[in-house]
Amino acid sequence: MEALESILNVLFPSTCACCGQVLVQGERQICLSCLANLSRTLYSTYDDNPVERLLATRARLEHATALFHYRAGGTVQQLVHSMKFHGNAELCIAMGRQLGLDLLRSDRFDDVDLLLPVPLHWWRRLSRGYNQSELICRGIAQTFGRDVCTGVLRRHRYTRKQSQQRSSAREGNVQGAFSLRHADRLAGRHVLLVDDVLTTGATLGACCAALKAVPGIHISVATISVAGR
Ligand SMILES: [Zn+2]
């Protein structure tokens, strides 16, 4: 199998999603040089970080972090667009692996039981072919471990793309958009809610509002990136 992979790599070399250089063995989707140049937040390592402060107004969380800074026109934005709008499913997993490694460096997420992707409405999932947050969770599972829990938290309302809206419109857009099925699967568990970008926190806040109904649940949050901080 490995030999076949090597032959395929010679015939169809994978290239870096940032700079386009051919990847060498051990690199996944992003070359090591580009990976080192992405702007990391280091929020996973300390309490009361800017992500925790932003989300504290919306939900009672155990811990929260985002891996990279997201700036308009920057490399992280380019990567997130590639994950969401250009069908690069493998990049979602690769970024999830990086987030998982980051969580491992901190002991603040040690008692997380389950990975919970922010769900897409079924129609959006069908048209995109995958839920990027679910693939990020699969990447996290490869490095940080834990099971991925899908089908419990559900997005029952189709909403316009958040990125196309002003922040005031985002609030009403997602409020009440999420619901639970078989919520008992989450009772008494510490879940890590996972998304690609944190902007105003409206989506994560709406997820937490739905999850609040689960008895004894503890919630932490991890995203690939955070905008404008
Ligand atoms: Zn590169």
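Note that the structure is predicted; figures quoted are calculated from it, not measured.

Parameters at a glance
Residues numbered from 1 in each chain as written. Predicted model: local features only at pLDDT ≥ 70, side-chain atom pairs only at ≥ 80, totals over all residues. Heavy atoms only, no water. Domains from an automatic or database assignment. Contact = heavy atoms within 4.5 Å. Buried area = accessible area lost by both parts, 1.4 Å probe. Core = buried A, V, L, I, M, F, W, Y, C linked by side-chain atoms within 4.5 Å. Buried < 20%, exposed > 50% of the residue type's maximum accessible area, 1.4 Å probe, protein only. Helix = DSSP H or I, 4+ residues; strand = E, 2+ residues; numbered from the N terminus. Donors = N, O, S within 2.8 Å, 3.2 Å for Na, K, Ca; no water. Tetrahedral: all angles 85-135°; square planar, octahedral: opposite > 155°, others 65-115°.

J.: I tried to follow the domain arrangement of the chain on my own but got confused; where do I start?
T.: You can read the domains of the chain as domain 1 (1–37) and domain 2 (39–227). Summarising the inter-unit geometry, the C-alpha centres of domain 1 and domain 2 are found 27 Å apart. Listed per partner, the contact involves seven residues of domain 1 and 13 residues of domain 2. In total, about 780 Å² of surface goes out of reach between domain 1 and domain 2, with carbon and sulfur atoms giving 60% of it. Considering only the side of domain 1, the residues that lose the most area to domain 2 are R28, Q29 and L35, jointly responsible for 56% of the buried surface there.

J.: Can you help me understand the nonpolar core in this one?
T.: In a soluble, globular protein the nonpolar side chains are often hidden away together inside. Counting residues in each nonpolar core, the largest one holds 36 residues, and the members touching the most others are I30, M95, I136, I140 and L192. The set of elements that each furnish at least two residues to this core consists of α2 (32–37), β1 (64–70), α4 (75–84), α5 (89–105), α7 (132–143), β6 (190–198) and β7 (218–227). Taken domain by domain, this core gets at least three of its residues from each of domain 1 (1–37) and domain 2 (39–227). Residues in contact with I30, not counting those within four places in the same chain, are C16, A17, C18, L23, L35, L79, L91 and M95. Judged by nonpolar contacts, the second largest core, of 32 residues, contains A177, F178, L211 and I219.

J.: Could you clarify how one ought to interpret the coordination of the zinc ion in this entry?
T.: The reference angle at a metal is 109.5 degrees if four donors form a tetrahedron and 90 or 180 degrees if six donors form an octahedron. Binding of the zinc ion to the protein goes through C16 (SG), C19 (SG), C31 (SG) and C34 (SG), at separations of 2.3 Å. Between the four donor atoms coordinating the zinc ion, the angles at the centre fall across 101 to 116 degrees, so the site counts as tetrahedral. Each donor residue of the zinc ion lies on one chain, and together they are spaced C-x2-C-x11-C-x2-C. Taken individually, C31 and C34 each receive the classification buried, so the pair is uniform in this respect.

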